[in-house]
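Each chain, letter by letter, is given below.
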Amino acid sequence: MRRWIVGAVAAALLLTGCGAPKSAAVLAEESASVSEPAEVSTVEETSMVTFSDEQIHKGNLILVNSEYAYDFDANGDADLVRIVDAQKYPYKVSKEEFRLCSEIMPALDNMIRDCDEAMGTQYTSVSSAWRSKEYQENVWDEYAELYGESYSQKYVAVPGHSEHHTGLAADLGIIYGDGSEGTFSESENAKWMAANSYRYGFVRRYAEDKIDITGISNEAWHFRYVGQPHAAYMHEHNLCLEEYLEMLKADTSPSNPLRVEYGGKEYSVYYTADKEIPEPSGDYTVSGDNMGGYIITEG
Ligand SMILES: [Zn+2]
């Protein structure tokens, strides 16, 4: 059915030329007047874009949780940089070797700078970032030994299942004006971040009211980059990543996208499990969901 629709639209475009875009209603009307649509080859006339199996496991929207492990092989070329080498704003980073995906560094810099400027003398720091599988194994072993496995599972992800493997997540800390370190979750910075991180493409990933879904306890310090317009939509509708991806899968398709307006731009977001779809006409990005599908963001 979908192929026929694509063919019909291609036929309409062929007959009317490729000038100004026409509305769906006009296209439908014109395609209805095509007398011999069978002569138009769907594949030949419509420019298609294909996705690889690996792409399912890559991108800003991949879900990594207790059920879905991070795919280290697919992400072998993840573009990690040391935060201290890339940061444009001098917030404290607990360890020099901490790394994140280079793509998210400008957003992190701006978010921390704006928060600190709003707070005055309470400075945000980065207390954890990308973690290798080996690092997570050490964290896990330490916690499990100290607190037992069942308690640890609430706070520490099993190796392979930590969002920190993605390089898209950072834990934040707090340093007060006198140089003393505090508990981030009790700081004003935490409130500011919870309310404003979406403006920078980050979401507060593990909230109290989503514990049943995420399986992780309330973590005021853990922020995950998902980019726009996803962060804005998730914030406005109070959706955690699991819920957002489930909604996209259930309710959207290339012909029925989610329309999101943010920052004066209009986006179309949709899910597909197809490895080949008609190429979007404008700018677009593709992210896997790490579960079996792709999220396409046009705009
Ligand atoms: Zn974390």
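Scroll up to find the structure this text is about.
One structure accompanies this document, and this report is about it. (Residues numbered from 1 in each chain as written. Predicted model: local features only at pLDDT ≥ 70, side-chain atom pairs only at ≥ 80, totals over all residues.)

### Examining the overall build of the protein chain
Then, in step 1: When helices and strands are tallied, the protein chain shows 11 helices and 13 strands.
Then, in step 2: Classification of the 299 residues of the protein chain by burial places 33% in the buried group.
Then, in step 3: Long-range contacts, defined here as pairs at least 24 residues apart, represent 62% of the contacts in the protein chain between residues at least 6 apart. (Helix = DSSP H or I, 4+ residues; strand = E, 2+ residues; numbered from the N terminus. Buried ≥ 20, exposed ≤ 12 C-beta atoms within 10 Å, placed from the backbone. Contact = placed C-beta atoms within 7 Å.)

### So, the packing of helix 5 (residues 105–119) against helix 8 (residues 188–196)
Then, in step 1: At a minimum axis distance of 10 Å, the contact between helix 5 and helix 8 shows a crossing angle of 130 degrees. Judged by the inter-axis angle, helix 5 sits oblique to helix 8. Where helix 5 crosses over helix 8, the handedness of that crossing is right-handed. Contact residues: C115, A118 and M119 in helix 5; E188, N189, W192 and M193 in helix 8.
Then, in step 2: Across the contact of helix 5 with helix 8, the residue classes break down as five nonpolar, one polar and one charged. (Axes fitted to C-alpha atoms, helices over the stretch in contact; angles between N-to-C directions. Parallel < 35°, antiparallel > 145°, perpendicular 65-115°, else oblique. Left-handed = near helix turned anticlockwise from the far one by under 90°. Nonpolar A, V, L, I, M, F, W, Y, C, P; charged D, E, K, R; others polar.)

### Thoughts on helix 5
Then, in step 1: For helix 5, spanning 15 residues, the distance from its first C-alpha to its last is 21 Å, which sits close to the expected 21 Å at 1.5 Å a residue.
Then, in step 2: Residues of helix 5 that are buried: L108, M111, I112, C115 and D116. Across the axial projection of helix 5, the buried residues extend over an arc of 120 degrees, all falling on one side. Within helix 5, the exposed residues directed more than 90 degrees away from the buried face are E117 and A118.
Then, in step 3: The inward-facing, buried residues of helix 5 contact strand 3 (99–101), strand 4 (122–128), strand 5 (169–176), helix 8 and strand 7 (202–206). (Expected span 1.5 Å × (residues − 1). Arc of directions from axis to C-beta.)

### With respect to the pairing of strand 7
Then, in step 1: In terms of residue burial, strand 7 counts as a mostly covered element, since five of its five residues are buried.
Then, in step 2: Here four bridges tie strand 7 to strand 8 (residues 219–225), and the two strands are oriented antiparallel to one another. Within the sheet, the bridge partner assigned to V203 lies in strand 8 and is R224. (Pairing = 2+ DSSP bridges.)

### As for unusual backbone geometry
Among all residues except glycine, the phi angle is most often negative; among peptide bonds, the trans geometry is most common.
Then, in step 1: Note the cis peptide between Q228 and P229, where omega equals 5 degrees.
Then, in step 2: Relative to the assigned elements, P229 resides in the loop between strand 8 and helix 10 (230–236).
Then, in step 3: Despite not being glycine, N238 has its phi angle at roughly 50 degrees, a positive value.
Then, in step 4: Along the chain, N238 falls in the loop between helix 10 and helix 11 (241–251).
Then, in step 5: Although it is not a glycine, N290 sits at a positive phi angle of roughly 70 degrees.

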